[in-house]
Amino acid sequence: SSTRTPGANERDVSMSLDGQALAWQGGTPEAPSLVWFHAEVGGYIEFSTAVWQGVWGLPLVSAQPSISGDGLRVVFVDKSGALTEHFKYGRFQGLATITFGLKEGRVSLGLTLQYYGDVIANPSHSYDGEKVLFTEIFGGQPYLSLLDLGAGRLMDLFADMTFDHPFLTADGEHVTFSFGGN
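Reading the values: the criteria
Residues numbered from 1 in each chain as written. Predicted model: local features only at pLDDT ≥ 70, side-chain atom pairs only at ≥ 80, totals over all residues. Heavy atoms only, no water. Core = buried A, V, L, I, M, F, W, Y, C linked by side-chain atoms within 4.5 Å. Buried < 20%, exposed > 50% of the residue type's maximum accessible area, 1.4 Å probe, protein only. Helix = DSSP H or I, 4+ residues; strand = E, 2+ residues; numbered from the N terminus. Contact = heavy atoms within 4.5 Å. Salt bridge = Lys/Arg side-chain N within 4 Å of Asp/Glu carboxyl O. Pairing = 2+ DSSP bridges. Axes fitted to C-alpha atoms, helices over the stretch in contact; angles between N-to-C directions.

Focus on the nonpolar core
Here is step 1 of the chain: The biggest cluster of nonpolar side chains holds 17 residues, and the ones touching the most others in it are L34, W36, L60, V74, F76 and I98.
Here is step 2 of the chain: Of all elements in the fold, only β2 (21-27), β3 (32-38), β6 (73-78), α2 (82-86) and β7 (93-103) reach the threshold of two or more residues within this core.
Here is step 3 of the chain: If one sorts the elements of this core by residue count, β7 sits on top with 3 residues.
Here is step 4 of the chain: Ignoring anything within four residues of it in the chain, the contact list for V74 reads A23, L34, W36, P65, S66, I67, A96, T97, I98, F100 and H125.
Here is step 5 of the chain: Listed in part, the 8 residues of the second largest apolar core include Y115, I120, V132 and L147.

Now the structure itself:
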């Protein structure tokens, strides 16, 4: 499936465990968008900055989406800083979750700011959406961190090491990643 953006730079694709839902980054490198597809809806919704502005009144720039195993939650990085500024934290990148409710062919939406920082990247969702793995740079140092939403805590798994493609297993118990280009 393709977004409506000609020449789109589609990347960061993830799929629900039952194969009924997908999330990916559409748009362009300069203006990324979050795209969510669900078979029950019969199509996709693309959240460009203009759509975020129209729905929530915030010009979010959503990148690097990761879908939960049930396909109803997508964690992403808001690169604009608009979400954190809205909550009076200042202008930082925000790790946010959009929640989709499906009932009789209608879609309801929820948006939650989960975490914020200077540089956040590569989020990965557990099946139930209760855990999010991500990389961040804090105080000039890179970290691989795990946010456990159910327990309300943040754990730094590794510090002072740069990782590529971190991935959290569906059960949220195991992590895999590339290190040093391998």
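Brief notes about the environment of P142
Here is step 1 of the chain: One can find P142 in strand β11 (residues 141-148).
Here is step 2 of the chain: According to the relative accessible area criterion, P142 is buried, its value standing at 18%.
Here is step 3 of the chain: Along the backbone, P142 and A39 are 103 residues apart, and their C-alpha atoms lie at a distance of 38 Å.
Here is step 4 of the chain: If we skip the residues at most four places from it in the chain, P142 touches E136, I137, F158, A159, D160, M161 and T162.

Considering unusual backbone geometry
Here is step 1 of the chain: We note that Q64 has phi near 55°; this positive angle belongs to a residue other than glycine.
Here is step 2 of the chain: For Q64, the location among the structural elements is in strand β5 (residues 62-67).

Topic: the pattern of salt bridges
Here is step 1 of the chain: All told, the structure shown has 3 salt bridges when counted by the stated rule.
Here is step 2 of the chain: For R73, the salt bridge goes to D70, with nearest N and O atoms at 3.3 Å.
Here is step 3 of the chain: Salt-bridge contacts for R91 lead to E85; the nearest nitrogen and oxygen are separated by 3.3 Å.
Here is step 4 of the chain: Judged by its relative accessible area of 51%, R91 is exposed.
Here is step 5 of the chain: What makes E85 partly exposed here is its relative accessible area of 39%.

Regarding the sheet that holds β7
Here is step 1 of the chain: Read across the sheet, 4 strands follow the order β5-β6-β7-β8 without closing on themselves; strand pairing throughout is antiparallel. Edge positions in the open sheet fall to β5 and β8 (106-117), since each of these has one partner strand only. Within the sheet, the average angular offset between the axes of one strand and its neighbour, ignoring direction, is 25°.
Here is step 2 of the chain: As paired strands, β6 and β7 are joined by 6 bridges and run antiparallel to one another.

Looking at the environment of G19
Here is step 1 of the chain: Following the sequence through the fold, G19 ends up in the loop between β1 (11-15) and β2.
Here is step 2 of the chain: Sequence separation between G19 and G71 is 52 residues, and the spatial gap between their C-alpha atoms is 8.5 Å.

Looking at the sheet that holds strand β10 (residues 131-138)
Here is step 1 of the chain: Ordered in space as β9-β10-β11-β12, the 4 strands form an open sheet in which the pairing is antiparallel. Edge positions in the open sheet fall to β9 (119-125) and β12 (153-159), since each of these has one partner strand only. Along the sheet, successive strands turn relative to each other by an average axial angle of 25°, direction set aside.
Here is step 2 of the chain: Strand direction decides the pairing type here: β11 and β12, joined by 6 bridges, are antiparallel. Looking across to β12, one finds that L144 is bridged to F158.

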